[in-house]
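# Working through the structure, step by step
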Amino acid sequence: LVFALLSEPALTQATTQTLHEAAGLALGSVPAVLGDLEQCGLVIRRGWGKGWHVPNWSQLLEMWTSHYPVRLRPRLRRLRFRSPGQGLWWQHVDPQQWGGQWSGEVAAHQLGTVLKPEKSLLYLPPPALQRGLAKLMQVEGLRSDPAGDVKVVEAFWDANQIGGSGACVPLPLVIADLQASLDARNLEAAAELKEIWR
C-alpha cells in the first residue's frame, strides 16, 4: 500500500476500494495499514471520505525503501543469470517485450543519472516468469549463475494499476533497489534520483 501511495500520490484521495485494487491488499487490510501509518505520523486523515494527507513524502519514502529489502523482497521469487557481452546485454533489450521493467542500475541510467550499469535487475510479473523466462534466456543467451550479473525478480504490483507500462519500474522501487545494493556508486545514484522524485 505504501508503494502504491509513493508511486501514485493521487491515491491519497482514493476510496478504500480503489486502494485495495491498486495495492492488491485484502480489502480489510487497507484501513489497518492506514491506521498504522497514521499512528506513526506518516499520514493524516483529512476527514471521513476525504482521503489522506502525507505531511512528509521524503520520510515516507525513507521508511519504505529501508523496509522493502528486509520485509518484502525476501518473499519474492528471484533468479540469477550470467549475460553475454560483459554485462552490456541490456542495451539492446526492450523489457516490455517480455512483460517486464528495469530497476536498479539500468533504470537509474535510463532515468538520466551518470551511473554506468554493471549489473541488471529485471522485474517480471508472475505470468511472464512462468511463460516467458525460458524464451528470454534462449533469445538473450542468459545462463543460470548464482553469482551472475543479471537478476530477475518477481514483480509484486500490477503495472496496470501502478507505474504504467514504461521500461522502468516506479521510481521509489528503483531507489530502494539501488540503496539495498550498498554499492557506493548506486547510493550516489539513489540520492540523485531522490532529488527528482516528488
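Treat the numbers as computed from the prediction; the structure is a model and nothing was measured. (Residues numbered from 1 in each chain as written. Predicted model: local features only at pLDDT ≥ 70, side-chain atom pairs only at ≥ 80, totals over all residues. Heavy atoms only, no water.)

Before going further, it helps to examine the overall build of the protein. Along the protein, the regular secondary structure elements total nine helices and seven strands. The contacts of the protein with a sequence gap of at least 6 include a subset with a gap of at least 24, amounting to 67%. When the accessible surface of the protein is summed, it comes to about 10,200 Å², and 51% of that surface belongs to carbon and sulfur atoms. Charge-centre separation for the protein: the mean point of 19 positive side chains lies 4 Å from the mean point of 18 negative side chains. (Helix = DSSP H or I, 4+ residues; strand = E, 2+ residues; numbered from the N terminus. Contact = heavy atoms within 4.5 Å. Areas by Shrake-Rupley, 256 points an atom, 1.4 Å probe, with all protein chains shown as cover. Lys, Arg positive; Asp, Glu negative; His and termini not counted. Charge placed at Lys NZ, Arg CZ, Asp CG, Glu CD.)

This part takes up the pairing of strand E7 (residues 150-154). With four bridges joining them, strand E3 (residues 78-82) and E7 adopt antiparallel strand pairing. In the sheet register, Arg78 faces E7, and the bridge partner there is Val153. (Pairing = 2+ DSSP bridges.)

Here we take up the sheet that holds E7. Within a beta sheet, neighbouring strands are joined by backbone hydrogen bonds and run either parallel or antiparallel to one another. Taken together, the five strands give an open sheet; going across it, the order is E4-E5-E7-E3-E6, and neighbouring strands pair in mixed fashion. Strands at the two margins of the open sheet, each flanked by one partner only, are strand E4 (101-103) and strand E6 (143-144).

Positioned with a positive phi, Leu182 is a non-glycine residue whose angle comes to about 60 degrees. Along the chain, Leu182 falls in the loop between helix H8 (171-181) and helix H9 (184-196). For Leu182, a relative accessible area of 68% corresponds to the exposed category. (Buried < 20%, exposed > 50% of the residue type's maximum accessible area, 1.4 Å probe, protein only.)

Take the pattern of salt bridges next. Applying the stated rule across the entire model yields seven salt bridges. Note that Arg73 and Asp177 form a salt bridge whose closest N and O atoms lie 3.4 Å from each other. In this pair, Arg73 sits in the loop between helix H4 (57-72) and E3 while Asp177 sits in helix H8, placing the two residues 104 residues apart along the sequence. There is no split in this pair, since Arg73 and Asp177 are both buried. A salt bridge links Arg82 to Asp149; its shortest N-O distance comes to 3.7 Å. Of this pair, Arg82 sits in strand E3 while Asp149 sits in the loop between E6 and E7; the two residues are 67 residues apart in sequence, bridging distant segments of the chain. Relative accessible area serves as the criterion here: at 27%, Arg82 is assigned to the partly exposed category. (Salt bridge = Lys/Arg side-chain N within 4 Å of Asp/Glu carboxyl O.)

Attention now goes to the environment of Ile162. Within the secondary structure, Ile162 sits in the loop between E7 and H8. When the C-alpha positions of Ile162 and Cys40 are compared, they lie 24 Å apart, and in sequence the two are 122 residues distant.

The next point concerns H9. Helix length check: H9 (13 residues) gives 19 Å between terminal C-alpha atoms against 18 Å at 1.5 Å per residue, within 8%. Listed in full, the buried residues belonging to H9 are Asn186, Ala189, Ala190 and Leu193. Projection of H9 onto a plane perpendicular to its axis shows the buried side chains occupying an angular sector of 105 degrees, all on one side. Facing away from the buried side of H9 by over 90 degrees, the exposed positions are Ala184, Glu188 and Glu195. Where the residues of H9 are buried, they touch helix H5 (104-110) and H8. Near the N-terminus of H9, the side chain that reaches the backbone nitrogen of Arg185, with its oxygen 2.7 Å away, is that of Asp183. (Expected span 1.5 Å × (residues − 1). Arc of directions from axis to C-beta. Polar contact = N/O pair within 3.5 Å; in protein donor to acceptor, adjacent residues only side chain to side chain.)

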